[in-house]
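Survey of secondary and tertiary structure
Residues per chain, in single letters:
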Amino acid sequence: MHLTTGLSPMPCLTTDAAGVYVISVTPFADDGRLDLASADRLVEFYLERGADGLTLLGMMGEAPKLTRDESIAFVARILESVAGRVPVVVGVSGSGYASMRELTEAVMERGAAGVMVAPPPHLRSDEQILGYFAGVAEAVGAGTPFVLQDFPLSTGVVLSAAVIAQIARAHSNCVMLKHEDWPGLAKISALRQAEGRGDMPRISILTGNGGVFLPEELARGADGAMTGFGFPEMMVDVLRAHRDGEADYARDLFDAYLPLARYEQQPGLGLAVRKYVLAQRGAMASAALRAPGPRLSRDDIEDIECLLARQARRLRELEH
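Residues numbered from 1 in each chain as written. Predicted model: local features only at pLDDT ≥ 70, side-chain atom pairs only at ≥ 80, totals over all residues. Heavy atoms only, no water.

Some words on the pairing of strand β6 (residues 174–179)
Rules: For the exposure calls, accessible area comes from a 1.4 Å probe over protein chains only, and a residue counts as buried if that area is under 20% of its type's maximum, exposed if over 50%, partly exposed in between. Strands here mean DSSP runs of E at least two residues long; helices mean DSSP runs of H or I at least four residues long; both are numbered from the N terminus. A pair of strands counts as paired when DSSP detects no fewer than two bridges linking them. Here the term right-handed applies to a crossover when the path leading from its first strand over the helix to its second strand runs clockwise, the strands being oriented away from the viewer.
Among the six residues in β6, six count as buried, and that is most of the element. Sheet analysis places β6 next to strand β7 (residues 204–207), joined by four bridges and oriented parallel. Its bridge partner lying in β7, His 179 is registered against Thr 207. In terms of handedness, the path from β6 via helix α7 (residues 185–197) over to β7 forms a crossover that is right-handed.

Below, the structure written as structure tokens:
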């Protein structure tokens, strides 16, 4: 499936995908309305900082708070703003295959490069997981690449390396793993070793968790990151330094951002922190979350501003 409007079609996602695919926030006005004008600003903000791709309607994109029409309108606006410059992946996770199929068709027709699916919380056995993703592969269509999102801390579903390998073997349209297990470094190693033995086809591995394990994940064989952070250039610059063989400098850069990245990883509050930073940086007009959602206290904001000042000072030191 490709875009059928006058824009140039965006190639579909492949197993060679690499780099930083930023998980985009969804911008809202202070009154809770979807802010499509800020969607345009977000695109330029992310691309100016080196994003290799964007991912929409992820778990930090407040997807469950959007109506179907809002979801499609937001994706369409982002795709129009991106105009084929980078691939765009869209989260289509849902409780049933019918809604997944409908949303997949809508976004792929508008030019998305692929879709992302997380397992629903009720899956418990390996057999159930394998059966569910067989249905996913069929629902999205053989011609639609999909990203397998492995985020047990959120979904409660544990995907072993062996099960991921089985899914990749069985479904050629499973082209990428979004790895967010924690701890999960051994899983990356196990998957790359399975590929080396010929036990599974190669798939792209991009990592999540706000980038807080990025240097170690890259060393284990990850191809990049698919996550969000108020400073997406951190992931871009760390990956670039890693590829250039400058592992120590990559870690120095990472260390400069780590205190803020850690603060942003707070369960429940993290998205509010990220949106505050993005709004302060001019990426969107408002830091609002759609209700229900947390609000930052004055003390929270003081914490963030302190971390931002210390981060800026450390980055200046690294320039010398």
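Still more ground to cover, so stick around.
Here we look at the nonpolar core
Threshold: Put simply, buried Ala, Val, Leu, Ile, Met, Phe, Trp, Tyr and Cys residues joined by side-chain atoms within 4.5 Å make one nonpolar core. Two residues form a contact once any of their heavy atoms are found within 4.5 Å.
Formed by 95 residues in total, the largest nonpolar core has its most connected members in Tyr 46, Leu 54 and Phe 133. Setting aside chain neighbours within four positions, we find Leu 54 in contact with Tyr 21, Val 22, Val 43, Tyr 46, Ile 78, Val 82, Val 86, Pro 87, Val 88 and Val 89. Within the second largest apolar cluster, eleven residues are counted, among which are Ala 17, Ile 23, Val 147 and Met 176.

Considerations on the side chain of Ser 38
Note the following rule: Polar contact is defined as a pair of N or O atoms within 3.5 Å, subject to the rule that within protein one atom must be able to donate a hydrogen and the other to accept it, and that residues adjacent in sequence are counted only when both atoms are side-chain atoms.
When you line up the elements, Ser 38 lands in helix α1 (residues 36–48). Of note is the side chain of Ser 38, whose polar atom sits 2.5 Å from the side chain of Asp 35. From its side chain, Ser 38 meets the backbone nitrogen of Ala 285 in a polar contact 3.0 Å long. Among residues more than four places away in sequence, those in contact with Ser 38 are Pro 27, Ala 283, Met 284 and Ala 285.

Comments concerning the pattern of salt bridges
For clarity, the cut-off: Every case where a carboxyl oxygen of Asp or Glu lies within 4 Å of a side-chain nitrogen of Lys or Arg is listed as a salt bridge.
Under the definition given, this model contains 22 salt bridges. In this structure, Glu 102 and Arg 68 form a salt bridge, with 2.7 Å as the shortest nitrogen-oxygen distance. Linking Glu 102 in helix α3 (residues 97–109) with Arg 68 in helix α2 (residues 68–82), this pair joins segments that are 34 residues apart in sequence. Linking Arg 281 and Glu 233 is a salt bridge whose minimum nitrogen-to-oxygen distance equals 2.6 Å. Within this pair, whereas Arg 281 is found in the loop between α11 (270–280) and α12 (298–319), its partner Glu 233 is found in helix α9 (residues 233–243), the two being separated by 48 residues in sequence. Residue Arg 281 is classed as partly exposed on the basis of its relative accessible area of 25%. The structure contains a network of salt bridges with shared partners spanning Glu 48, Arg 49, Glu 233 and Arg 281.

Here we look at the state of the cysteines
Note the threshold: Here, two cysteine sulfur atoms that lie within 2.5 Å of each other are counted as a disulfide.
Following the criterion strictly, the structure yields zero disulfides and no others. This cysteine, Cys 174, is not joined by any disulfide, and Cys 12 carries the nearest cysteine sulfur, 15 Å off. Given a relative accessible area of 3%, Cys 174 falls into the buried group.

Thoughts on the environment of Arg 68
Look at Arg 68 and you get partly exposed, because its relative accessible area is 40%. Sequence separation between Arg 68 and Thr 104 is 36 residues; the distance between their C-alpha atoms is 12 Å.

Notes on α7
Test applied: Here a helix's expected span is defined as the number of its residues, less one, multiplied by 1.5 Å.
The terminal C-alpha atoms of α7 lie 19 Å apart, and with 13 residues this matches the ideal 18 Å at 1.5 Å per residue to within 8%. For α7, the full list of buried residues reads Lys 187, Ile 188, Ser 189, Leu 191, Arg 192, Ala 194 and Glu 195. Buried residues belonging to α7 abut β5 (146–150), α6 (161–170), β6, β7 and α8 (214–220).

Examining the pairing of strand β8 (residues 224–227)
The alternating pattern of β8 places Gly 224 and Met 226 on one face and Ala 225 and Thr 227 on the opposite face, and all of these are buried. Bridge analysis of strand β1 (residues 19–23) against β8 gives four bridges, and the strand direction is parallel. Across the sheet, Val 20 pairs through a bridge with Ala 225, a residue of β8. For β7 and β8, the ladder comprises two bridges, and the chain directions are parallel. Paired with Leu 206 across the strands is Gly 224, a residue of β8.

Observations regarding the sheet that holds β8
Selection criterion: All axes are obtained by fitting lines to C-alpha atoms, using only the stretch in contact for helices, and the reported angles, taken between N-to-C directions, cover 0 to 180 degrees.
In space, the eight strands of this closed barrel follow the order β1-β2-β3-β4-β5-β6-β7-β8, with parallel pairing throughout. Between one strand axis and the next, the sheet turns by 25° as a mean value, whatever way the strands run. Along the sheet face, α2 touches β2 (53–56) and β3 (88–91) and points at about 170° away from the line of β2.

Some points on the packing of α2 against α3
Two quantities define a packed helix pair, namely the angle between the axes and the distance from one axis to the other. Heads up, the condition is: Here is the rule for angles: anything less than 35 degrees is roughly parallel, anything more than 145 is roughly antiparallel, 65 through 115 is roughly perpendicular, and the remaining ranges are oblique. If you view the pair so one helix is near and one far, a crossing is left-handed when the near helix is turned anticlockwise from the far one by less than a right angle, and right-handed when it is turned clockwise. Under the convention adopted here, Pro, Cys and the residues Ala, Val, Leu, Ile, Met, Phe, Trp and Tyr are nonpolar, Asp, Glu, Lys and Arg are charged, and Gly plus all remaining residues are polar.
Running from amino to carboxyl end, α2 crosses α3 at an angle of 25°, the nearest separation of the two axes being 10 Å. Here α2 lies roughly parallel to α3, going by the angle between them. Seen along the crossing, α2 lies across α3 with a hand that is right-handed. Touching Arg 68, Ile 72, Val 75 and Leu 79 of α2 are Glu 102, Leu 103, Ala 106 and Val 107, all from α3. Broken down by class, the residue content of the contact of α2 with α3 amounts to six nonpolar, no polar and two charged.

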